[in-house]
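# Summary of the model geometry
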Number of protein chains: 2
Amino acid sequence: MKINTWFGVIELGNDGKLLASEIYPKNVRELALRSLSLRDSRQNLPPEGFDLAAVAIDYGFVDSLSEYYSLLHKVTLETVKLQVSEALTPDQRIVQAVEALDDINETTNSLSERLFEWYGGYFPESGLNGESLAYFVAKYGSRENIPPDDPLYLKARDSMGAKLETADESLLKGFAESVCSLYDRRKQIEAYIEDSMASLAPNLTMLAGPMLGARLISVAGSLEKLAAFPSSTIQVIGANKALFKHLRSRAPSPKHGIIYSHPLINTSPWWVRGKVARALAAKLSLAARIDFYSAKKDPSLTGELEEKIRKIREANPRPPQKRQEVRVKPKKKRRK
Amino acid sequence: MKINTWFGVIELGNDGKLLASEIYPKNVRELALRSLSLRDSRQNLPPEGFDLAAVAIDYGFVDSLSEYYSLLHKVTLETVKLQVSEALTPDQRIVQAVEALDDINETTNSLSERLFEWYGGYFPESGLNGESLAYFVAKYGSRENIPPDDPLYLKARDSMGAKLETADESLLKGFAESVCSLYDRRKQIEAYIEDSMASLAPNLTMLAGPMLGARLISVAGSLEKLAAFPSSTIQVIGANKALFKHLRSRAPSPKHGIIYSHPLINTSPWWVRGKVARALAAKLSLAARIDFYSAKKDPSLTGELEEKIRKIREANPRPPQKRQEVRVKPKKKRRK
């Protein structure tokens, strides 16, 4: 009978006597790796009450009980560390990136608005805002520095804005540079998400695009969880408020959550959006499952989805005309 | 009789005949500056119904009525521009800086927390957060880059954090750099406020410190408004919620608003804080008025304030013991 232990493999005779054994070298990291694979396989574990420490001393793996426990302590600690490292799977890294992107978007917007208001006192006619304003201010500072070949030169010359003092100019320029740095960061994180999504979830990326796909994984918590969701859940992910209102009261069920940002939905006429969302969610759910279990790209998904949506649109060329009837019915009931 | 007009000075005889005149050159900017000073002085304005246009043509200032009105249009436009420029007074610039600082503080905190959570997966033992973490990540990136002479070297070597891939490392480093840029901006804006406050409101700065002084101006809207506030308002600026609760119901009146951050108040024992706040607000109000109307520094204010507060503390060495009595009195009234 073979027994796998954390320090080696032991051969045990039927009478309980030790026959042979293979003792591993005393390398903490290797022992930790072996115990992780032991945990996964769960094969030939020692029977209950088996005195591992005594065997370890018998075979000369350790000299004393205290050495045995001190080494076991180190190995289990290392095992935990390895497990922690493994917790940062690629999809968890994407989730982190999506959350960071959301934070950056929010802060960039609020700082951009501040810059718009602040710089507005000095050059209200610029007509710039957001990213273009930030790059403009970081580049020129005062409107007096705009060269004559710039399209804004004339506006800047005749501007009714105040004169920008040197101290204020360096302040505003610095502020704009920070805002630019955040805009750059946003692009970097978006590029990272696009790259990671293409390798982690090629099918989801193909159908939903990298950003929407990453957002779905982020809301679900992980690709595994997303793959386990029914497609009806994927359809309303992100519409929590409307969903719970529907479940609590007579409010209509939400037709779509964050998948609304998908072009197939938001370019559809309103009366087919619910149907399109259902078809899209079904394919997204399928894509997430293929991604999680095989990670092979299946180009046929796109064609199937497009065909399905073409059919939906063809079957519903005009908005439904039943609104009038629906309104009349309850009135009749009340009159009875 | 002398008449000041926007295009020149006219001498008018008692019989209404023109005697002599001084016509200004046709320079739009100069004419605008003159009409601004005319607006301020309001002396020798033309009588009602006086036909300025005819006089302007008579004296050869313009050739036709249409030229007169087109020039007048240009000059008034330029005047408005000059007035807009003047609206950005030094205290308005400080208000802008304080608001930008508040925005920066908020965004920096939220991005710092994100960085802490994000980097925590890779080096949870660092024990750093906020600014020091941002500079650490921007400098080293992965914990593998920490040199052996760094105090965190050992922790980094034995860390249970995950291995930082190259793509994630450049992402995290970039993010940390953006956060550092915001921290730098914060320092720059604080330095700007300190500089500007020292010249704009030396007395307020002397008593309240530059940041609290700037915040008081910011909440009031301008130095002029702050100077017009009674000291009781200055005492509770920023405690709006508590103040209105007090005015609506039987809640106690707030003892202090944003001036609570002043060391004289927050280092005082709780039972004299209200008195100290009143004394401080009185001196701050005085300081704001001196700053607005003369801008000369009056070093005696500090001494007076300190003397006053010393007296308050001496007169109230122990917390009041009257709580019991106060509670009993209203009960007696109800029993009557």
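The structure under discussion appears in the preceding block.
Below is a short write-up of the structure. Given the structure is predicted, the values throughout are model-derived calculations rather than measurements.

### Describing the interface of chain A and chain B
Each partner contributes residues to the interface: chain A has 39 residues there, and chain B has 39 residues. Counting each side, the surface lost to burial between chain A and chain B is near 3600 Å², with a carbon and sulfur contribution of 62%. Put simply, chain A and chain B have six salt bridges between them. Glu99(B) is the salt-bridge partner of Arg114(A), the closest N and O atoms lying 2.9 Å from each other. Run the count over chain A and chain B and you get 16 residue pairs in polar contact (both at pLDDT 80 or more). Within the residue set of the side of chain A that touches chain B, elements represented by two or more residues are α3 (65–87), α4 (90–120) and α7 (166–200) of chain A.

### Focus: the sheet that holds strand β2 (residues 8–12) of chain A
Adjacent strands of a sheet pair through backbone hydrogen bonds, lying either parallel or antiparallel. All names here are of chain A. Pairing is antiparallel across the open sheet formed by three strands, whose spatial order is β1-β2-β3. Across the chains shown, the open sheet's two edge strands, defined by having one partner strand only, are β1 (2–4) and β3 (18–23). Across the sheet, the axes of successive neighbouring strands diverge by a mean angle of 15°, strand direction being ignored. Judged from the three bridges that link them, β1 and β2 form a sheet pairing that is antiparallel. Considered in β2, the bridge of Asn4 is made with Val9.

### Thoughts on the pattern of salt bridges
Residues and elements named next belong to chain A. Using the criterion set out here, one finds 26 salt bridges over all chains in the structure. A salt bridge links Glu78 to Arg29, with the shortest nitrogen-to-oxygen separation between them at 2.9 Å. One end of the pair, Glu78, is in helix α3; the other, Arg29, is in helix α1 (residues 28–41), with 49 residues separating them in the sequence. We classify Glu78 as buried; its relative accessible area is 16%.

Cut-off values and rules
- Residues numbered from 1 in each chain as written.
- Chains lettered and ligands numbered in written order.
- Predicted model: local features only at pLDDT ≥ 70, side-chain atom pairs only at ≥ 80, totals over all residues.
- Heavy atoms only, no water.
- Contact = heavy atoms within 4.5 Å.
- Buried area = accessible area lost by both parts, 1.4 Å probe.
- Salt bridge = Lys/Arg side-chain N within 4 Å of Asp/Glu carboxyl O.
- Polar contact = N/O pair within 3.5 Å; in protein donor to acceptor, adjacent residues only side chain to side chain.
- Helix = DSSP H or I, 4+ residues; strand = E, 2+ residues; numbered from the N terminus.
- Pairing = 2+ DSSP bridges.
- Axes fitted to C-alpha atoms, helices over the stretch in contact; angles between N-to-C directions.
- Buried < 20%, exposed > 50% of the residue type's maximum accessible area, 1.4 Å probe, protein only.

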